[in-house]
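Secondary and tertiary structure notes
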2 protein chains.
Amino acid sequence: MSTRARKETDKIPEPTLRRLPWYLSNIKLMKERGEQYVSSTQISKDINIDASQIAKDLSYVNISGRTRVGYSIDALIDVLENFLEFSHPHEAFLFGVGSLGGALLHDSGLSHFGLKIVAAFDINPLLVGTAVNGIPIFHPSLFETKTKEFGNVRIGVLTVPINIAQEMTDKMVDGGIQAVWNFTPFRIRVPENIVVQNTSIYAHLALMFNRLNLTEKE
Amino acid sequence: MSTRARKETDKIPEPTLRRLPWYLSNIKLMKERGEQYVSSTQISKDINIDASQIAKDLSYVNISGRTRVGYSIDALIDVLENFLEFSHPHEAFLFGVGSLGGALLHDSGLSHFGLKIVAAFDINPLLVGTAVNGIPIFHPSLFETKTKEFGNVRIGVLTVPINIAQEMTDKMVDGGIQAVWNFTPFRIRVPENIVVQNTSIYAHLALMFNRLNLTEKE
């Protein structure tokens, strides 16, 4: 593990990285409508975020607008898709082909956003040896072998039951996985150099239910 | 729309609502292991969050621990599941049975966390009239009729293509939907009294790819 400090100048703030895909969706729509140029003020009107915030976020990507005309939409789409790395495939393994895992194997949207699941692992004998959406499913005991076979797979999608979430994470990390996309509601522990992205859709449900009740009480 | 100010005392902070499901998962595991009591210090060790933060978060739910013994695990699971509203079903409609929408219809995990999708809508003639996982799919023109038929459906899950995300949202809100679970990468606009929960899994990908590159550069 490296002990050098991370360069803070390299690090784009998380909120910016969350907003940039919104801008991308928005300008893709503008392009569909036949528009050619866009300003941060126009994006701002559409999605209700301050134009100054949008300009600041866009300053992280390497593009410059022209006064009064704004950004070229085609160029901005290209630059954003490259910057967000949606335009080139990142290979990934998926662990746990249950309900949610199987669902993700079916989601072609992931590949449009740069994630290519190349193989999945599950202990269920009914699944091992089959394929979902063309993606082969192996027994977890084959993980090391498949790691060598597939080469540079650095991302693991975690969709196992919570009681084996930590065990499976440890196994993934031992096998060379460098980023874990954690869909379980379990908070996994990893070494400092491993990236974890928590996407607990069920936690979002709790938030939605709670806020819904607040509007009810009004 | 009500013009009364929302009572701020009713409002549990968003980070707390995001962390409570983690505690719930964790203590469910402890129960599986045969444990009966748990302290915030124990949870803290397992999931690497300050014990004082955990105690503060748990102070929002109506449970009291006993000195030296901690919380009863059974009671805490019950209280948390009730508080987070995972234990009673919230009926929902889903809009857009594409790749991600279809995947969510298959995900039995949602019902374990209190969301019951009772019907779906899509314009695809190959889907209209069929059912996925027992959930019927209707043409969007039947939305109003189905709203009356199903009664109190207040939640809409939005999984349509981005170019119709806003139009469909407006339709949902007109039809009485009070909370939109937005899975599209598009930032929808709604009246002030409508709850929006954005779950843009693709934006999470951007964040993960970016952080993965930072570790590479170390």
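Report on the accompanying structure. Every value quoted in this text rests on a predicted model; they were computed, and no experiment measured them. Every chain begins its residue count from 1, and numbering advances along the sequence as written. Each chain takes a letter, starting from A, and each ligand takes a number, starting from 1, following the order in which they are written. Two thresholds apply to this predicted model, a pLDDT of at least 70 for residue-level local features and 80 or more for giving and counting side-chain atom pairs, whereas whole-chain, interface and lining totals are computed over all residues. Side-chain measures here rest on the full set of heavy atoms in the structure, leaving out hydrogens and waters.

Quick word on the overall build of chain A
Only DSSP runs of H or I reaching four residues or more are called helices, and only runs of E reaching two or more are called strands; each is numbered from the N terminus. Secondary structure summary: chain A contains 9 helices and 9 strands in total. The principal-axis extent of the C-alpha atoms belonging to chain A is close to 60 × 50 × 40 Å. Contacts were defined at the residue level, with two residues in contact if any of their heavy atoms lie within 4.5 Å. The contacts in chain A between residues at least 6 apart in sequence include a share of 56% that link residues at least 24 apart. For chain A, the exposed surface amounts to about 10,300 Å²; the carbon and sulfur share of it is 49%. We score Asp and Glu as negative and Lys and Arg as positive, and we do not count His or the chain ends. Where a charge lies is defined by one atom per residue type: Lys uses NZ, Arg uses CZ, Asp uses CG and Glu uses CD. Separation between the mean location of the 22 positive side-chain charges and that of the 23 negative ones in chain A comes to 4 Å. Every accessible area reported is derived by Shrake-Rupley at a probe size of 1.4 Å, with residue values counting cover from the shown protein chains alone.

Overview of the interface of chain B and chain A
Counting residues at the interface gives 72 residues for chain B and 72 residues for chain A. Buried area adds together the accessible area that both of two parts lose upon being put together, with accessible area traced by a 1.4 Å probe. At the boundary of chain B with chain A, total buried surface from both sides reaches about 7,300 Å², with 65% on carbon and sulfur atoms. Secondary-structure elements contributing two or more residues to the side of chain B that touches chain A are helix H1 (14–32), helix H2 (40–47), helix H5 (99–106), helix H6 (109–112), strand S8 (179–182), strand S9 (195–198) and helix H9 (201–217) of chain B. By residue number, the principal contributor to the side of chain B that touches chain A is H9 of chain B, which donates 17 residues.

Regarding the relation of the copies chain B and chain A
For this overlay, a least-squares fit was computed on C-alpha atoms, restricted to residues scoring pLDDT of at least 70 in both copies. The operation relating chain B to chain A is a screw motion whose rotation component is 180°, with 0.0 Å of axial translation and a residual RMSD of 0.0 Å. Expressed as a symmetry operation, the mapping of one chain copy onto the other fits a two-fold axis. Across chain B, the rotation axis passes nearest the C-alpha of alanine 103 of chain B, at a separation of 2.1 Å.

Section: the sheet that holds strand S7 (residues 155–158) of chain A
The strands making up a sheet associate through backbone hydrogen bonding, with each pair oriented either parallel or antiparallel. All names here are of chain A. Pairing between strands is defined by DSSP: at least two bridges between them are needed. Taking strand neighbours across the sheet as the criterion, the 7 strands line up as S5-S6-S4-S3-S7-S8-S9 in an open arrangement whose pairing is mixed. Single-partner strands in this sheet number two, and they are strand S5 (131–132) and strand S9 (195–198). Pairing between strand S3 (residues 90–95) and S7: 4 bridges, direction parallel. Residue pairing in the sheet places leucine 94 in a bridge with valine 157 of S7. Angular values range over 0 to 180 degrees, each being the angle between N-to-C directions of two axes fitted as lines to C-alpha atoms, with helices fitted over their stretch in contact. Helix-sheet contacts for helix H7 (residues 143–150) involve S3, strand S4 (115–121) and strand S6 (135–138), and the interaxial angle to S3 is about 165°.

Observations regarding the sheet that holds S8 of chain B
All names here are of chain B. Spatially, the 7 strands line up as an open sheet ordered S5-S6-S4-S3-S7-S8-S9, and their pairing is mixed. This sheet does not close on itself; its edge strands, each paired only once, are strand S5 (131–132) and S9. Taken together, the 2 bridges between S5 and strand S6 (residues 135–138) define a ladder with antiparallel strand orientation. Looking at the pairing, alanine 131 lines up with proline 136 of S6.

Focus on a negative patch on the surface
All names here are of chain A. On the surface, a cluster of negative charge is made up of Glu144, Glu167, Asp170 and Asp174. Examining the composition of the negative patch, we find that 3 residues originate from one element, helix H8 (residues 165–174), more than from any other. Within the secondary structure, glutamate 144 is located in helix H7. By definition, no residue in a patch forms a salt bridge, and every one has over 30% relative accessible area; like charges are joined within 9 Å, nonpolar side chains (Val, Leu, Ile, Met, Phe, Trp, Tyr) within 5 Å. Note on definitions: salt bridges are taken to be side-chain nitrogens of Lys or Arg within 4 Å of carboxyl oxygens of Asp or Glu.

Details of the packing of H2 of chain B against helix H3 (residues 51–58) of chain B
Residue and element names in this part refer to chain B. Where H2 meets H3, the axes come as close as 8 Å, and the angle between the chain directions of the two elements is 120°. Classified by the angle between their axes, H2 and H3 sit oblique to one another. For the element pair H2 and H3, the recorded crossing hand is right-handed. Seen from H2, the contacting residues are Ser40, Thr41, Ile43 and Ser44; seen from H3, they are Ala51, Ile54 and Ala55. When the residues that make up the contact of H2 with H3 are grouped by side-chain class, the tally is 4 nonpolar, 3 polar and no charged. Roughly parallel covers angles under 35 degrees, roughly antiparallel covers those over 145, roughly perpendicular covers 65 to 115, and oblique covers all other angles. Two helices crossing with the near one rotated counterclockwise from the far one by less than a right angle form a left-handed crossing, whereas a clockwise rotation gives a right-handed crossing. When residues are sorted by character, Ala, Val, Leu, Ile, Met, Phe, Trp, Tyr, Cys and Pro go into the nonpolar class, Asp, Glu, Lys and Arg into the charged class, and all the rest, Gly among them, into the polar class.

Quick notes on the pairing of strand S3 (residues 90–95) of chain B
Residues and elements named next belong to chain B. Within S3, 5 of the 6 residues are buried, which leaves it mostly tucked inside the rest of the structure. Relative to strand S4 (residues 115–121), S3 runs parallel, the two being bridged by 6 bridges. Looking across to S4, one finds that histidine 90 is bridged to leucine 115. Here's how the labels work: a residue is buried when its accessible area is under 20% of the maximum for its type, exposed when over 50%, partly exposed in between, all with a 1.4 Å probe on protein chains only.

Topic: the packing of aromatic side chains
All names here are of chain A. Aromatic rings from Phe, Tyr and Trp, taking only the six-membered ring of Trp, are treated as a pair when their centres fall within 6.5 Å; an angle between ring planes under 30 degrees marks them as stacked, one over 60 as edge-to-face, and anything in between as tilted. For the coordinates displayed, the defined rule picks out 22 aromatic pairs over all chains. Taking 5.3 Å as the distance between ring centres and 85° as the angle between the ring planes, the aromatic pair formed by phenylalanine 95 and phenylalanine 143 counts as edge-to-face. On the criterion of sequence distance, the pair formed by phenylalanine 95 in strand S3 and phenylalanine 143 in helix H7 is long-range, its members being 48 residues apart. As far as burial versus exposure is concerned, phenylalanine 95 and phenylalanine 143 are alike and both buried. With 6.1 Å between their ring centres and 45° between their planes, phenylalanine 121 and phenylalanine 138 make a pair best called tilted. Of this pair, phenylalanine 121 sits in strand S4 while phenylalanine 138 is found in strand S6, placing the two residues 17 residues apart along the sequence.

Looking at the side chain of glutamine 197 of chain A
In this fold, glutamine 197 of chain A is placed in strand S9. Note on glutamine 197 of chain A: relative accessible area 6%, which makes it buried. Among the polar contacts listed, one links the side chain of glutamine 197 of chain A to the side chain of histidine 204 of chain B, at a separation of 3.5 Å. The residues contacting glutamine 197 of chain A, other than those within four sequence positions of it, are Arg18, Val180, Trp181 and Asn182 of chain A together with His204, Leu207 and Met208 of chain B. Any pair of nitrogen or oxygen atoms within 3.5 Å is treated as a polar contact; in protein, a donor-acceptor pairing is required on top of that, and neighbouring residues in sequence qualify only through side-chain atoms on both sides.

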